[in-house]
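One letter stands for each residue in the lines below.
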Amino acid sequence: MEKWSLMTITVLLALTVRWTVSLGSYSGAGKPPMYGDYEAQRHWQEVTYNLPIRQWYFNTSDNNLLYWGLDYPPLTAYHSFLCAYIAKLINPDWIALHTSRGYESQPHKLFMRTTVFVADLLVYIPAVILYCFSLKETSTKKKASISCVALCILLYPGLILIDHGHFQYPLSLGFALWGVLCLSYDWDLLGSVAFCLALNYKQMELYHSLPFFCYLLGKCFKKGLKGKGLVLLTKIAGTVVVSFAVCWLPFCTDMAQIMQVLRRLFPIDRGLFEACMFSSPPPRLANIWCSLSVLIKIKNIVSPQTQLKLSFAVTFLSLLPTCVKLTVQPSLRGFKFALVSCALSFFLFSFQVHEKSILLVSIPVCLIINEIPFMATWFLLVSTFSMLPLLLKDGLLLPYAVTMLAFLSVCAASFSIFEKTSAEDLQLKPFSLSLKGYVSWFKSFPKIVRSLFLLSVTLMGVLSLASAAVPPPQRLPDLFPLSVSVISCLHFLLFLVYFNVVILWDSKNSRTQKKIS
């Protein structure tokens, strides 16, 4: 009873923070002609309600794809239609065809904010709560209480600022989290359905697809492909096919419909830097390609097709070790760490990444915050910092500062993170044992890690203040966004190395995988 009381207080606090942030500005407020993501979501409601399904993804006189045309999978379109149906009952002007473009009013803002709030309440927050309760079997006295873990996850500033500030729905991440939760209870078919829903809401969930695939395939291998494993594999394959068929059924009337939707979802002809076109050069995205473009103008010397091949090759090579390890030694712990590593590889090296895509890495990191609280807290702070140029553009400086400080304070109090910096606490003990002469170097390891963390936080604080208050030099107008991107990218590269070391040298997987078979 006490646990549920604490969890209720945790949820109420998280909801209060979300609603407070939602009272502020949003993406593109009062900035015609394109406005921002808020208008994109409203426009999709306008299109899906007023036009037949066959026109949703096609360029017509009533659906100008250059003005926030639908570029997400069918589940996003269905959700937009549902919101539009409710909006029509309240005020038809909100979704009137053509005349509602750029519609802004306080009642409409309240409605749109409420739709995000409801999505959080129905999908994302319940998944977080149930996931935290699932940790009780493995928790020890050294780890924080369930309510503290839930509070840290629910107060992650990046997701709050993007969903309830900038404006975005948490449904794809929520569905993915439900998938992880189901797999943790060995409900493999339900987990497959949940992840299919996530993937059919946003195609960026491909970042998580390989860990799901490799983990389930590894389980089938362990059960034996001549017996129970083959049965499980057949059931999973059938579940995935049926889930996709149901989601895509209205678009399966002819092949032209399917191909048009796919072209909208994967516009590879736009090139490697498509996601950076919305910002003035140099780009503000903290991945390797945009950071390298400061020194090497890749898009000027490499064709779009070569960019695609290069991006694919580097991404594949960075994913390969983790995926092989997870397939050979499937474990729930390895699966969660693989979600982090694979998503981070996609963010750093894949094609057409947006700065908000770092959330696809951050949510899996939230899932392991009770295992590596120091590194997880550090990563989650950096991930929010990497979106600073976008947040400043949306007028979210104050919510950014307050939520960052609150999150750091809660994590420090819940996990005593500065006491969890030894090689064992950081899951690096197996790696340290494999190094010759490790003893002398690792004695000072905790002190080194704490110093680097304090240096990193100080640097992020100084750059945040400078970006908000100091005019950049006239000759270098993009100095601060560029600095944020490059510094964040360097952090992410180091984190990628760290997570891969933890995964590849993890001795716990070999002990826990027996439970699967």
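Structure first, text after, so check above.
Residues numbered from 1 in each chain as written. Predicted model: local features only at pLDDT ≥ 70, side-chain atom pairs only at ≥ 80, totals over all residues. Heavy atoms only, no water.

> An account of the pattern of salt bridges is requested, with residue identities and associated values reported.
Going through the model one piece at a time under the given rule, you end up with 8 salt bridges. Across the salt bridge formed by Glu46 and Arg42, the nearest N and O atoms sit 2.8 Å from each other. Remark: Arg42 and Glu46 occur in helix H2 (residues 37-50); sequence separation between them is 4 residues, near one turn of the helix. Each member of the pair Glu46 and Arg42 is classed as buried. Put simply, Arg333 and Glu371 hold a salt bridge, and the shortest N to O gap is 2.9 Å. Taken together, the residues span a long stretch of sequence, with Arg333 in helix H14 (residues 332-349) and Glu371 in the loop between helix H15 (359-367) and helix H16 (373-386) at a distance of 38 residues. When salt bridges that share partners are traced, they join Glu39, Arg42 and Glu46 into one network. (Salt bridge = Lys/Arg side-chain N within 4 Å of Asp/Glu carboxyl O. Helix = DSSP H or I, 4+ residues; strand = E, 2+ residues; numbered from the N terminus. Buried < 20%, exposed > 50% of the residue type's maximum accessible area, 1.4 Å probe, protein only.)

> Tell me about the environment of Val240, and name the residues and values.
The topology assignment puts Val240 in helix H9 (residues 209-248). If we skip the residues at most four places from it in the chain, Val240 touches Ser192 and Cys196. (Contact = heavy atoms within 4.5 Å.)

> Go over the environment of Phe266, please, and point to the residues and values.
Here Phe266 lies in the loop between helix H10 (255-265) and helix H11 (288-292). Considering only alpha carbons, one finds Phe266 and Phe351, 85 residues apart in sequence, at a separation of 9.7 Å.

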